[in-house]
Protein chains: 2
Amino acid sequence: VAGAGNSKLLRVLRGEALEVPPVWMMRQAGRYLPEYRELRARAGSFLDLCYTPELAEEVTLQPIRRFGLDAAILFADILLLPHALGQELSFSEGEGPRLAPVVADRQALGRLRPIDEMRETLAPVYETVRRLARSLPADVPLIGFAGAPWTVASYMVAGQGTADQGPARCWMYRDAEGFERLIELLTEATIVYLAAQIEAGAQAVMLFDSWAGSLPPERFVRYVIEPARRITAALARAWPQVPVIGFPRGAGVMYEVFAHETGMAAVALDTAVPLDWARRALRGVALQGNLDPMVLVTGDPELSRMARRIVEALRGVPHVFNLGHGITPDADPRNVELLLRAVRG
Amino acid sequence: VAGAGNSKLLRVLRGEALEVPPVWMMRQAGRYLPEYRELRARAGSFLDLCYTPELAEEVTLQPIRRFGLDAAILFADILLLPHALGQELSFSEGEGPRLAPVVADRQALGRLRPIDEMRETLAPVYETVRRLARSLPADVPLIGFAGAPWTVASYMVAGQGTADQGPARCWMYRDAEGFERLIELLTEATIVYLAAQIEAGAQAVMLFDSWAGSLPPERFVRYVIEPARRITAALARAWPQVPVIGFPRGAGVMYEVFAHETGMAAVALDTAVPLDWARRALRGVALQGNLDPMVLVTGDPELSRMARRIVEALRGVPHVFNLGHGITPDADPRNVELLLRAVRG
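Residues numbered from 1 in each chain as written. Chains lettered and ligands numbered in written order. Predicted model: local features only at pLDDT ≥ 70, side-chain atom pairs only at ≥ 80, totals over all residues. Heavy atoms only, no water.

(A) Representation of the relation of the copies chain B and chain A. By a simple turn and slide, chain B fits onto chain A: the slide is 0.0 Å along the axis, the RMSD is 0.0 Å, and the turn is 180 degrees. When the rotation and shift are considered jointly, the pair of chain copies conforms to a two-fold rotation axis. When each C-alpha of chain B is compared by its distance to the rotation axis, G252 of chain B comes out closest, at 1.9 Å. Most of the interface of chain B is mirrored in chain A: 100% of its interface residues are interface residues there too. (Least-squares fit on C-alpha atoms with pLDDT ≥ 70 in both. Contact = heavy atoms within 4.5 Å.)

(B) Focus on the sheet that holds strand β4 (residues 142-147) of chain A. Residues and elements named next belong to chain A. Ordered by their spatial adjacency, seven strands build an open sheet running β1-β4-β5-β6-β7-β8-β9, and the pairing between neighbours is parallel. Each edge of the open sheet is held by one strand with a lone partner, namely β1 (72-73) and β9 (319-323). Bridge analysis of β1 against β4 gives two bridges, and the strand direction is parallel. When the bridges of β4 are listed, A72 appears paired with L142. In this fold helix α15 (residues 302-313) packs onto β8 (286-291) and β9, with an angle of close to 165 degrees to the strand it touches most, β8. (Pairing = 2+ DSSP bridges. Helix = DSSP H or I, 4+ residues; strand = E, 2+ residues; numbered from the N terminus. Axes fitted to C-alpha atoms, helices over the stretch in contact; angles between N-to-C directions.)

(C) Region of interest: the interface of chain B and chain A. In this complex, chain B contributes 31 residues to the contact, which on the side of chain A involves 31 residues. Carbon and sulfur atoms supply 63% of the area that chain B and chain A bury against each other, a total of about 2,600 Å² over both sides. Broken down residue by residue, the surface that chain B buries against chain A is led by Y173, V253 and M294 of chain B, which jointly contribute 23%. Joining chain B to chain A, the criterion identifies eight salt bridges. Among the ionic pairs, R169 of chain A bridges to D292 of chain B, the shortest N-O distance being 2.5 Å. Remark: the boundary between chain B and chain A carries eight residue pairs in polar contact (both at pLDDT 80 or more). Of the residues assigned to the side of chain B that touches chain A, the class counts are 16 nonpolar, six polar and nine charged. (Buried area = accessible area lost by both parts, 1.4 Å probe. Salt bridge = Lys/Arg side-chain N within 4 Å of Asp/Glu carboxyl O. Polar contact = N/O pair within 3.5 Å; in protein donor to acceptor, adjacent residues only side chain to side chain. Nonpolar A, V, L, I, M, F, W, Y, C, P; charged D, E, K, R; others polar.)

(D) Molecular detail of the confidence of the model for chain A. Mean pLDDT for chain A: 97, with 99% of residues reaching 70 or above. Taken together, the chains of this predicted complex give a pTM of 0.97 and an interface ipTM of 0.95. (pLDDT = per-residue confidence, 0-100.)

(E) Structural view of the side chain of D209 of chain B. All names here are of chain B. Assignment of secondary structure puts D209 in strand β5 (residues 204-209). For the buried D209, no salt bridge is present, and the opposite-charge side chain at shortest range is R249, 9.0 Å distant. Setting aside residues up to four positions removed in sequence, D209 forms contacts with A148, W150, T151, V224, F247, P248 and R249. (Buried < 20%, exposed > 50% of the residue type's maximum accessible area, 1.4 Å probe, protein only. Lys, Arg positive; Asp, Glu negative; His and termini not counted.)

(F) View of the sheet that holds strand β8 (residues 286-291) of chain B. Residues and elements named next belong to chain B. Reading across the sheet, the seven strands line up as β1-β4-β5-β6-β7-β8-β9 and stay open at both edges, with parallel pairing between neighbours. Each edge of the open sheet carries a strand with a single partner, namely β1 (72-73) and β9 (319-323). Sheet topology places β8 next to β9; five bridges connect them, and they run parallel. Bridge pairing in β9 places L287 opposite H319.

(G) Expanded view of helix α4 (residues 53-67) of chain A. Residues and elements named next belong to chain A. For α4, which comprises 15 residues, the first-to-last C-alpha distance of 22 Å matches the rise-based estimate of 21 Å (1.5 Å per residue) to within 8%. By the largest-angle criterion, L61 marks the main kink of α4, which is about 30 degrees, and a proline, P63, follows within four residues. Three or more residues of α4 are buried, namely P53, A56, E57, V59, T60, L61, Q62, P63, I64 and F67. The inward-facing, buried residues of α4 contact α2 (34-42), α3 (46-51), β1, α7 (119-135), β4 and α16 (333-344). Of the residues trailing α4, G68 is marked for its positive phi of about 65 degrees. (Expected span 1.5 Å × (residues − 1). Bend = angle between axes of the 7 residues up to and from the residue.)

(H) Layout of the packing of helix α7 (residues 119-135) of chain B against helix α10 (residues 176-200) of chain B. Residues and elements named next belong to chain B. One can describe the packing of α7 onto α10 by two numbers: an axis separation of 8 Å at closest approach and a directional angle of 35 degrees. For the pair α7 and α10, the sense of crossing is right-handed. The residues of α10 that touch α7, namely those facing R119, L122, V125, Y126, V129, R130 and A133, are V192, Y193, A196, Q197, E199 and A200. (Left-handed = near helix turned anticlockwise from the far one by under 90°.)

(I) Quick peek at the packing of aromatic side chains. Scanning the entire structure with this criterion turns up 18 aromatic pairs over all chains. Between W171 of chain A and F179 of chain A the ring centres are 5.6 Å apart and the planes differ by 75 degrees, which places this aromatic pair in the edge-to-face class. Assigned by exposure class, W171 of chain A and F179 of chain A land together as buried. Taken together, a centroid distance of 6.2 Å and an interplanar angle of 80 degrees make the contact between F208 of chain B and F247 of chain B edge-to-face. Placement of F208 of chain B in strand β5 and of F247 of chain B in strand β6 (residues 244-248) is noted, with a sequence separation of 39 residues between them. Grouping residues by exposure puts F208 of chain B and F247 of chain B together as buried. Joined through ring pairs, the aromatic side chains of Y36, F46, F75 and F91 of chain A make up one cluster. Looking at R249 of chain A, its charged tip hangs above the ring of W211 of chain A, at a distance of 5.1 Å from the centre. (Phe/Tyr/Trp six-rings, centres within 6.5 Å; stacked < 30°, edge-to-face > 60°. Lys NZ or Arg CZ within 6 Å of the ring centre and 35° of its normal.)

(J) Quick look at the pairing of strand β3 (residues 96-100) of chain B. Residues and elements named next belong to chain B. Across five bridges, the pairing between strand β2 (residues 88-92) and β3 is antiparallel. Residue E88 lies in a different strand from β3, and its bridge partner there is A100. What sits between β2 and β3 in their antiparallel hairpin is a turn of three residues, with G94 showing a positive phi close to 80 degrees.

This is how it looks when you write it as structure tokens:
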């Protein structure tokens, strides 16, 4: 039977080990593609691109058309959520995102917009999902996504990306109860956001916790594990058939707790995770990953060798082939072709 | 018997579990101390400070005098080694270090200075060590240090600090053999550098691999484990009584391989390492760490609570109390007093 419900991605996320794993790439819709750069130049700002359904749809489809990847991921940004909660958001070239004013104490929490008013801002994102649900090939499922509460909080508190999430760590140690309110607010908002993406047609969702690695274990449990568990539980009550993929980047040893205590269908592995360990320690969930995206810059022979090693290392395990981090703007699209040949044979 | 050979630090590094662990802090000589900032303002450049023995000695002694810490660590910088190998080194305020010209291919390797000419540049560092060996209290051992080959290479290749060590990763995937020559050169140079520090009076040495976490496991073995093993073996042949502390920051699951296959006396743990796991998985080496330095900014009650939890979690294990990352410039020196009280009771 054809259709996305029977797609390779969803079969693996339900626990099936396939001879040839499905392949998609984090940031597969992006700057390394000439067709993306062309459309981006015409779109106005990056935010305009995210909030214009026909453009966001087109950008999402570009890598599917060019490469025939096994899954599409919604084109959006993890900071659309704080934007919808009332922070101003801008992206300036070479500087990274800015959120203002910062949300760094309890008072600032009170100035955020209520969760049920997010839809005003996020409606175009849901419309993009609806369009994609119609326009994608039947065997290519659409993955929706959100930033995880801890990672999104780290940007909201600092107003920008930081090397060490210092401002958020300061707040959590000064006033754990106040900081926890932000995490709880984001947990609720993320449930609403992902639920709306699923209602609009997303067939799986992914939770990106890019800065999970900067938390001591005790805080990792409170701000990474707990929110992830609440999010998967809330979604599973309404959509038991929609799998959630969790990406606690840099979690190291804590990947084991994450895999077993959050209710994720799959765990995305960063490049540092040894696959022999993952096979053993993360039993019971599907594994996604974990090629170093830098080989998509440098090419063969290392690219094909490393890709095949990953396929071999996870043979017999439910495995979604992916990178261990997003593809970089200087990657060569021809190397993606080599990658697909190496994985698919 | 008094003396540094019987100091708490060296006893723990030889495998003894003490009731109250010795305490020192990464970057304990630094900008959070007013007396450091005052001396720094008079010293000229940061490099002048590193290369002027009486000033580097004074800066090293400042935190020992103020706090009575259980170990001193040489004041220097991991980039003095590439400087001694012929790269130009500068530190500009707010910008971080710059090395020029970059060493990003085999040809550039040929332009470096031979290892036996490093002494010209590094002689003042060894003189600082000699002075400290005389001026430190008898029960406060001096720790020498170097950057580990992978981390130092990542700066040499990029010419600066990078978020992802992309340039070095590119070289290693494009030309593993060429890149390996750089790693081998740095391994040899590090042995010479640390040997000279020990000859001058350092009683332990530490190897900082700050970017160990950005390598896939296979490369981690080649560029982190292998060089570390060669360095400890070479030093142990000449100085079997001098312990080496390894810090593969961000190694995650690979901490286990690092602890068992490098011949380190101790392994320094970053803030993300769960101590119950470390107790179990890293048996056989002393453990150093791993308080989040951010609590030295934010203070009590979290500071004392977290410090005591670490002491409890490693009770019965050879443990050197330390931070999981360097103390930050905005830390409050009064919080260091609170920390010592929490650890020492």
